[in-house]
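Chain residues, written in single-letter form:
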Amino acid sequence: MGQMELGNTMVDVNDEGYLTDASQWNKDVANAIAKEIGIELTDKHFEVLEYLRQKHTEGEVLTIRKVGKSGIVDIKGLYKLFPGGPLKYSSKIAGIPKPASCV
Amino acid sequence: MSKEESALKKVCIICAKGNIEDVYATLVMANGAVMEGIEAKVFFTFFGLDAITKKQMNRLHTSTVGNPAMRMPGGLPFPTLLGAIPGVEAGVSAMMKSQMEALDIPPVDEFLEMITAGGGEIYACKLAMDMFKLTKEDLWDEVSAVLTVGDFYGMCGGDNTQIIFT
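Everything in this summary refers to the structure shown in the same document. Everything numeric in this text was worked out from a predicted model, so none of it was measured. (Residues numbered from 1 in each chain as written. Chains lettered and ligands numbered in written order. Predicted model: local features only at pLDDT ≥ 70, side-chain atom pairs only at ≥ 80, totals over all residues. Heavy atoms only, no water.)

## Some thoughts on the overall build of chain B
- Helices and strands together make up the secondary structure of chain B, namely seven helices and five strands.
- The N-to-C order of helical and strand elements in chain B reads α-β-α-β-α-α-α-β-α-β-α-β.
- Principal-axis analysis of the C-alpha atoms gives chain B an extent of 50 × 40 × 25 Å.
- Buried residues in chain B amount to 42% of all 166 residues.
- Considering only residue pairs separated by 6 or more positions, chain B has 70% of its internal contacts joining residues 24 or more positions apart.
- Roughly 8700 Å² of accessible area belongs to chain B as shown, and the carbon and sulfur atoms make up 60% of that amount.
- For chain B, the centre of its 13 positive side-chain charges and the centre of its 21 negative side-chain charges are spaced 5 Å apart. (Helix = DSSP H or I, 4+ residues; strand = E, 2+ residues; numbered from the N terminus. Buried < 20%, exposed > 50% of the residue type's maximum accessible area, 1.4 Å probe, protein only. Contact = heavy atoms within 4.5 Å. Areas by Shrake-Rupley, 256 points an atom, 1.4 Å probe, with all protein chains shown as cover. Lys, Arg positive; Asp, Glu negative; His and termini not counted. Charge placed at Lys NZ, Arg CZ, Asp CG, Glu CD.)

In structure tokens, the structure reads:
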């Protein structure tokens, strides 16, 4: 647990760098986290991020299958947007907790 | 070795059984690997071929006989003799599949698609194909190749690689 400056905003993060308070998130924070991972965010990325944040607020457990059926992007596309961690990286950039699902 | 250097890079998973639990253990591990950015190669052999055979892949069963961990809903023991009654195995298997669906675990064909969408590769064992008189046409379309065991081992080299037999 600690504080960190991301995109000129002070945010609370856990040991793995995930935001502990999703309400501290904004686009600059997202861009800063994405840059650390090595991803350049596009509008498509933000569509996915907004979807994840919405589902998180609704208390749903997120899976790549669910994102694949969201109508925003298919699973192959999701891997292209967030290489090496379609759900892990997207969740981190979306400012929501690390996914706790195995699928 | 630092955490970075010792991180797993590739898993080679072998599935030799065709019941729901062994096939899903394989699929969950392979999908979990690609989701973490780990390369995954999956080799289906013997009865495991059912999981990548078009006709069988979405009709897998779990065995209701000879399975001491099988219990009734509520936790009561499940008598082996009950499991032997025609239709019980199909019923139990359907129930298992509906419970998995509720957890967002997809049917076998969709699960395999998720794995290949992430770059995972699916292979079939040549010897077992010959034994069961199967041809490439019988297999799911996205099976990368039919391999000998030597071919498969040839893909399992490299640092930080593990072979997993489910």
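## Re the interface of chain A and chain B
- Taken together, the contact pairs 15 residues of chain A with 17 residues of chain B.
- Summed over both sides, the interface between chain A and chain B buries roughly 1300 Å², with carbon and sulfur atoms accounting for 58% of that surface.
- On the chain A side of the contact with chain B, Arg65(A), Tyr79(A) and Val103(A) bury the most area, a combined 51% of that side's loss.
- Viewed at the interface, chain B and chain A are joined by five salt bridges.
- With a shortest N-O distance of 3.2 Å, Arg65(A) and Asp104(B) are connected by a salt bridge. (Buried area = accessible area lost by both parts, 1.4 Å probe. Salt bridge = Lys/Arg side-chain N within 4 Å of Asp/Glu carboxyl O.)

## Here's the deal with the side chain of Lys55(A)
All names here are of chain A.
- Within the element layout of this structure, lysine 55 appears in helix α2 (residues 43–57).
- Lysine 55 sits in the buried class, given a relative accessible area of 16%.
- Contact partners of lysine 55, with chain neighbours within four places excluded, come to Glu60 and Leu62.

## What about the side chain of Thr62(B)?
All names here are of chain B.
- Residue position: threonine 62 is located in the loop between β2 (39–44) and α3 (80–83).
- When its relative accessible area of 2% is taken as the criterion, threonine 62 is described as buried.
- For threonine 62, the side chain forms a polar contact with the side chain of glutamate 21, separated by 2.6 Å.
- What threonine 62 contacts, discounting residues up to four positions off in sequence, is Asn19, Ile20, Glu21, Met70, Glu89, Val92, Ser93 and Met96. (Polar contact = N/O pair within 3.5 Å; in protein donor to acceptor, adjacent residues only side chain to side chain.)

## Observations concerning the pattern of salt bridges
- By the definition in use, this model includes 13 salt bridges over all chains.
- Across the pair Glu110(B) and Arg65(A) runs a salt bridge, and its minimum N-O distance is 2.9 Å. In this pair, Glu110(B) sits in helix α5 (residues 108–117) while Arg65(A) sits in helix α3 (residues 64–68), so the two residues belong to two different chains. For the pair shown, Glu110(B) and Arg65(A) are each scored as buried.
- For Glu39(B), the salt bridge identified is with Lys41(B), shortest N-O distance 3.3 Å.
- Given the relative accessible area of 38%, Glu39(B) is considered partly exposed.
- Since its relative accessible area comes to 8%, Lys41(B) is described here as buried.

## With respect to the packing of aromatic side chains
- A full pass over the atoms with the stated rule returns three aromatic pairs over all chains.
- Here Phe43(B) and Phe152(B) contribute two aromatic rings whose centre-to-centre distance is 4.5 Å and whose plane-to-plane angle is 15°, an arrangement assigned as stacked. Pair noted here: Phe43(B) is in strand β2 and Phe152(B) is in helix α7 (residues 149–155), with a separation of 109 residues, a long-range link. In this pair, the class of Phe43(B) matches that of Phe152(B), namely buried.
- Judged by centre distance (5.4 Å) and plane angle (45°), the rings of Phe47(B) and Phe132(B) are tilted. Remark: Phe132(B) occurs in the loop between α6 (126–131) and β4 (145–147) and Phe47(B) occurs in the loop between β2 and α3; sequence separation between them is 85 residues.
- Between Lys27(A) and the ring centre of Phe46(A), over which it is positioned, the NZ or CZ distance is 4.6 Å. (Phe/Tyr/Trp six-rings, centres within 6.5 Å; stacked < 30°, edge-to-face > 60°. Lys NZ or Arg CZ within 6 Å of the ring centre and 35° of its normal.)

## Here we look at the pairing of strand β1 (residues 10–15) of chain B
All names here are of chain B.
- For β1, the tally of buried residues reaches six of six residues, placing the bulk of the element in the interior.
- Burial along β1 is two-sided: the face carrying Lys10, Cys12 and Ile14 and the face carrying Val11, Ile13 and Cys15 are both buried.
- Crossover handedness for the path β1 to helix α2 (residues 20–35) to β2: right-handed.
- Two elements, β1 and strand β5 (residues 161–165), share five bridges in a ladder whose sense is parallel. In the sheet register, isoleucine 13 faces β5, and the bridge partner there is isoleucine 164. (Right-handed = clockwise from strand over helix to strand, strands pointing away. Pairing = 2+ DSSP bridges.)

## Notes on the packing of α2(B) against helix α4 (residues 88–102) of chain B
All names here are of chain B.
- Put simply, α2 and α4 touch, their axes get as near as 12 Å, and they point 25° apart. As the angle between them shows, α2 and α4 are arranged roughly parallel. For the pair α2 and α4, the contacting residues are Ile20, Glu21 and Tyr24 in the first and Ser93, Met96, Lys97 and Met100 in the second.
- Taken together, the residues of the contact of α2 with α4 break down into four nonpolar, one polar and two charged. (Axes fitted to C-alpha atoms, helices over the stretch in contact; angles between N-to-C directions. Parallel < 35°, antiparallel > 145°, perpendicular 65-115°, else oblique. Nonpolar A, V, L, I, M, F, W, Y, C, P; charged D, E, K, R; others polar.)

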